[in-house]
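Now for the letters of each chain:
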Amino acid sequence: MFLSAIYHRMSEQYCYPLDADNLIINIKTGYDVDKVYIYYGDPYDAGIMGGNERWTGKREEICFKKRLKDHIWWTTTLRPEYKRCKYYFELHSKDEVMYFFEDGFYTEEEMNTDGKTLSYFIMPWMNPADVCKTPDWVNDTVWYQIFPERFCNGDRSIDPDGVLPWQSGEVGLKDYYGGDIRGIRDRLPYLRDLGITGIYLNPVFESNSNHKYNTRDYKKVDPHFGTNSDLRALVDEAHAFGIRVMLDAVFNHTGTDHPMWQDILEKGRESEYADWYMINKWPFEQGRDTRDGRYYSFAFAEYMPKLNTNNPEVQDYLLDIIRFWIETFDIDGLRFDVGNEVSHSFLKAVKYMTGHMKEGFYLLGEIWHDSISWLSGDEYDSVMNYPLSTAISDFWVYKNRGRETFEYDINRCFTMYYAQVNDVLFNLLDSHDTNRLLDKAGHNIDIFYQQLAVLFTMPGSPCIYYGTEVAMEGSYDPDCRRCMPWDEIDSGKRDDEIAEMKRLIKMRQKYQSCKSRNFHFPNDIEKKRVISYIKLGENENLQVYLNCEDTAVDIDISRFSSVVYSRKWRNGKLEPDGVLILVQN
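A brief report on the enclosed structure follows. Bear in mind that the values here come from a model prediction, so they are computed numbers and not experimental data. (Residues numbered from 1 in each chain as written. Predicted model: local features only at pLDDT ≥ 70, side-chain atom pairs only at ≥ 80, totals over all residues. Heavy atoms only, no water.)

**Quick notes on the packing of aromatic side chains**
Working step 1: Scanning the entire structure with this criterion turns up 52 aromatic pairs.
Working step 2: Measuring from centroid to centroid gives 4.8 Å for W261 and Y295, while their planes differ by 65°, and the two rings are edge-to-face. In this pair, W261 is assigned in helix 5 (residues 259–267) and Y295 in the loop between helix 5 and helix 6 (312–329), connecting sequence segments 34 residues apart. Take W261 and Y295: they sit in the same class, and that class is buried.
Working step 3: Taken together, the ring pairs connect F205, Y218, F251, Y273, W276, Y317, F324, W325, F329, F336, F346 and Y380 into an aromatic cluster.
Working step 4: For the cation-ring pair, R187 lies above W486, with the distance from its terminal atom to the ring centre recorded as 3.8 Å.
Working step 5: One cation-aromatic arrangement involves K219 over F324; the distance from NZ or CZ to the ring centre is 5.1 Å. (Phe/Tyr/Trp six-rings, centres within 6.5 Å; stacked < 30°, edge-to-face > 60°. Helix = DSSP H or I, 4+ residues; strand = E, 2+ residues; numbered from the N terminus. Buried < 20%, exposed > 50% of the residue type's maximum accessible area, 1.4 Å probe, protein only. Lys NZ or Arg CZ within 6 Å of the ring centre and 35° of its normal.)

In structure tokens:
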């Protein structure tokens, strides 16, 4: 048995309460392991520790598993009667049997040797206050990300100097086109009709850039976007349409024109804000970047000095801003920019405060990598699921890969975190920080919709980047931040693309199985690059087929109730780059 491939610990995503009653236990093994059994029970089933009676536990096979690239992920859900659980594993590999305890592996003979004290895995107590709880509403949400400067110009009287005419082509790094909050308000009926139930706004507070990530005043909407009253009106009107609103919290850094930084520039080390930033060398001057280490900044950008979120005074300052935003604008969530660089202690304070201010408030971190350290329930509820977007994209990038690699990559994304976190992951295929989806799909519109079909059938909540619903073009920043083509939309030239997006959104909203965290890959079509997976729901199951071969494939749909979504499905054949989604009640 390949023992070094076997891993479990009583922490993180390997053992955790799903809720007050259910305990999820996961173990990872190599492919040589055929069966896994768990022995479990209350730690005191054999009496108080120190007695002569030996603890045994109830034996149960762990049947549910997912395939990863080099491992198998086995998972089971237990219901400890007294909120405690003691357990160990029995592993089978052909004729070999090993027993896995906290301190290692034993044969049956070694385990039963007289005098041996067994080190069991123990969940000591499932305290309700320690259970990771995530907002219920997020799993039902379809998000729409808006980069305000490029979405819609609704009030030309507040346009910045040098504003350019609205257009649909390439844009420059420092261009202004006059998008504002009035424009977003004007287009709320469009978003409602599309099926959107959540808006994620890139920064809207005062800043001297078009992206607004170098904040000058956290409590004042940028004058070129409107006023605080305009933002409150946007939230109120969105709520009336059944749409929640999430703001961008840029707390890793400020702009250099922020009053606190200006005070430091004026007074140097004597400034009362000297410890509010991460300054390493005194005196210092502004320069091209911060690679010389004089102070820390976002991505070496000298115009975005890094806040010291370890400082209690800075934490209080930022907590006051969040409190102001919730009380003034009635927002429903925050997305934290550079969410992996602000301090854990600050995030814990944010979670505690917002949880007491507004029930179900959603905290989302911008983290592009494995984020388990932030997702235990006392910091973020979720992160932007860039690993999923990479997993989806890679299968079409590497055209020589078989469909099992897609299975491995998708399974990895949903074995990284707690199940309740998977329900609220922020799933996206493009954003203001990436090239647009059509560009990723090689400008193949059919692959574009294949990938969207995957997005809308994954656990979590899907996000559409503004313009993706009309297959907007765009490469990397700043090209991914083009102006929304309202002339083409209003004239009906994009009706087909909008209708296609509505079909996907309606499918997501109608079938609970789209949102379900339960899925598996039967791979029932004998073709290397035909993906098939089943989503298991409470009322129905969905079967998804994606043909990434160069030739059409036959698919028997006689056992299914109906076709719920398809592209390039004709006469019993799924053509190359086609997608077919079937329902079975």
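There's more to say after this.
**Here we look at the packing of helix 8 (residues 386–397) against helix 12 (residues 445–455)**
Working step 1: Put simply, helix 8 and helix 12 touch, their axes get as near as 10 Å, and they point 150° apart. Classified by the angle between their axes, helix 8 and helix 12 sit roughly antiparallel to one another. Helix 12 is crossed by helix 8, and the crossing has right-handed handedness. Packed against helix 8, whose contacting residues are I392, S393 and W396, the element helix 12 presents I447, Q450, Q451, V454 and L455 at the interface.
Working step 2: A class-by-class count of the residues in the contact of helix 8 with helix 12 yields five nonpolar, three polar and no charged. (Axes fitted to C-alpha atoms, helices over the stretch in contact; angles between N-to-C directions. Parallel < 35°, antiparallel > 145°, perpendicular 65-115°, else oblique. Left-handed = near helix turned anticlockwise from the far one by under 90°. Contact = heavy atoms within 4.5 Å. Nonpolar A, V, L, I, M, F, W, Y, C, P; charged D, E, K, R; others polar.)

**A short note on the sheet that holds strand 19 (residues 426–428)**
Working step 1: A sheet is described by the order of its strands in space; here eight strands give the open sequence 18-17-16-15-12-11-20-19, paired in parallel fashion. In the strand order of this sheet, the two ends are held by strand 18 (382–383) and strand 19, each with one partner. (Pairing = 2+ DSSP bridges.)

**Description of the nonpolar core**
Working step 1: Counting 124 residues, the largest nonpolar core has Y144, W325 and F336 as its most contacted members.
Working step 2: It is helix 6 that provides the largest number of residues to this core, a total of eight residues.
Working step 3: Counting 21 residues, the second largest nonpolar core, distinct from the first, contains Y40, F89, L91 and F100. (Core = buried A, V, L, I, M, F, W, Y, C linked by side-chain atoms within 4.5 Å.)

**Notes on the pairing of strand 5 (residues 64–67)**
Residues in a regular strand project their side chains so that they alternate between the two faces of the sheet.
Working step 1: Sheet analysis places strand 5 next to strand 6 (residues 72–78), joined by four bridges and oriented antiparallel. Looking at strand 6, one finds that F64 is bridged to T75.

It is worth stressing that arrangement in space is one thing and function is another; only the former is reported here.
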